[in-house]
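Now for the letters of each chain:
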Amino acid sequence: MKDLFTRLSQLDIDSISTEELERLLPEFGMNNEILHEMPSHLSDYFGKGLHFWQYPNQFAKLLKHIHGKPINSYLEIGCRWGGTFVIINEVLKKTNKDLKSFTVDLIEPSEILNQYNEYWPFTYIQGNSTLFQTISPKLPSQVDFVFIDGDHSYEGVKQDFDNSLTLNPAYIMLHDINSVVCPGVVRFWNEIKGNYKHYEFIDGYASVRDNYLGTGIIEL
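What you see is a predicted model; the values in this text were computed from it and never measured.

Some details on the overall build of the protein
Inference 1: Scanning the protein from terminus to terminus reveals eight helices and seven strands.
Inference 2: In terms of overall dimensions, the protein is globule-like: its C-alpha atoms have a radius of gyration of 16 Å, near the 17 Å expected for 220 residues.
Inference 3: Expressed as lengths along the three principal axes of its C-alpha atoms, the size of the protein is roughly 40 × 40 × 30 Å.
Inference 4: Within the protein, the proportion of its 220 residues that are buried is 53%.
Inference 5: Considering only contacts within the protein whose residues lie at least 6 apart along the sequence, 68% involve residues at least 24 apart.
Inference 6: Counting only carbon and sulfur atoms, one obtains 47% of the accessible surface of the protein, whose full area is about 9,800 Å².
Inference 7: When the 18 positive and 29 negative side-chain charges of the protein are each reduced to one mean point, those points stand 4 Å apart.

The structure is reproduced here in structure tokens:
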């Protein structure tokens, strides 16, 4: 696993094209759950490495978008295996050397995250993000970038969003804004996005019948 962390740390985001990054990302290992949502041509990478749960064609554009932004603190709400957390951290660290990162989930940290914490220390908070008063003492008063991927109900994502605003972030990112199985997130995103400067990453794959995943970022 350390070899994957090192490869990520050495990846030159500036010199690689978005298309090249899209082709490279699966080599870090993708999730192997709910596979009917995943493009079948990438099956050789499922259940390996970092287990990141993203579409490479969405994720590559997202990583290019956030690279180089002045982000010195990052919070991910809902991390599952932790692959997405690891990759985003390594991209942010390239231009933010003093990055402080935090992640929250109901479950215990995965072995991937345990190994990453030895490679690069971060704060893992086991708890319910919607019960913000129970996790906020472990967070700084201000966080530059918050990624919401926890409770996917309308009420849950709204609560996470409202709580995130109290941290005075420059950016808030939501996952599953284009997913047929997350109507609450889709509804909430469509309600708020017009109030902010925002970006969407919702590319799909022809081999996948419906729309899934999708990421949206707002700037505050």
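Quick notes on the nonpolar core
Inference 1: In terms of nonpolar packing, the biggest core is built from 48 residues, with Leu-50, Leu-63, Ile-66, Ile-88 and Phe-145 touching the most fellow members.
Inference 2: Where this core is concerned, the elements lending two or more residues are α1 (2–10), α2 (18–24), α3 (56–66), α4 (83–93), α5 (111–119), β4 (145–148) and β5 (171–175).
Inference 3: In terms of residue count, α4 provides more of this core than any other element does, six residues in total.
Inference 4: Ignoring any residue separated from it by four or fewer positions in sequence, one finds Ile-66 in contact with Ile-88, Val-91, Leu-92, Phe-145 and Ile-217.
Inference 5: Listed in part, the 24 residues of the second largest apolar core include Val-157, Ile-172, Phe-188 and Trp-189.

Examining α1
Inference 1: Where α1 is concerned, the buried positions are Leu-4, Phe-5 and Leu-8. Buried residues of α1, viewed axially, fall in a sector of 100°; they line one side. Those residues of α1 that are exposed and angled more than 90 degrees off the buried face are Lys-2, Asp-3 and Gln-10.

Digging into the sheet that holds strand β6 (residues 197–201)
Backbone-to-backbone hydrogen bonds join strands into a sheet, with any given pair of strands oriented parallel or antiparallel.
Inference 1: On the basis of which strands lie adjacent, the open sheet formed by seven strands has the order β3-β2-β1-β4-β5-β7-β6 and mixed pairing. Edge strands, defined here as strands with exactly one partner in the open sheet, are β3 (123–126) and β6. Within this sheet the neighbouring strands show an average axis-to-axis angle of 15°, counted without direction.
Inference 2: Pairing of strand β1 (residues 73–77) with β4 involves four bridges; the strand directions are parallel. Across the sheet, Glu-76 pairs through a bridge with Phe-147, a residue of β4.

Reading guide: rules and limits
Residues numbered from 1 in each chain as written. Predicted model: local features only at pLDDT ≥ 70, side-chain atom pairs only at ≥ 80, totals over all residues. Heavy atoms only, no water. Helix = DSSP H or I, 4+ residues; strand = E, 2+ residues; numbered from the N terminus. Rg over C-alpha atoms; globule rule 2.2 N^0.38 Å. Buried < 20%, exposed > 50% of the residue type's maximum accessible area, 1.4 Å probe, protein only. Contact = heavy atoms within 4.5 Å. Areas by Shrake-Rupley, 256 points an atom, 1.4 Å probe, with all protein chains shown as cover. Lys, Arg positive; Asp, Glu negative; His and termini not counted. Charge placed at Lys NZ, Arg CZ, Asp CG, Glu CD. Core = buried A, V, L, I, M, F, W, Y, C linked by side-chain atoms within 4.5 Å. Arc of directions from axis to C-beta. Pairing = 2+ DSSP bridges. Axes fitted to C-alpha atoms, helices over the stretch in contact; angles between N-to-C directions.

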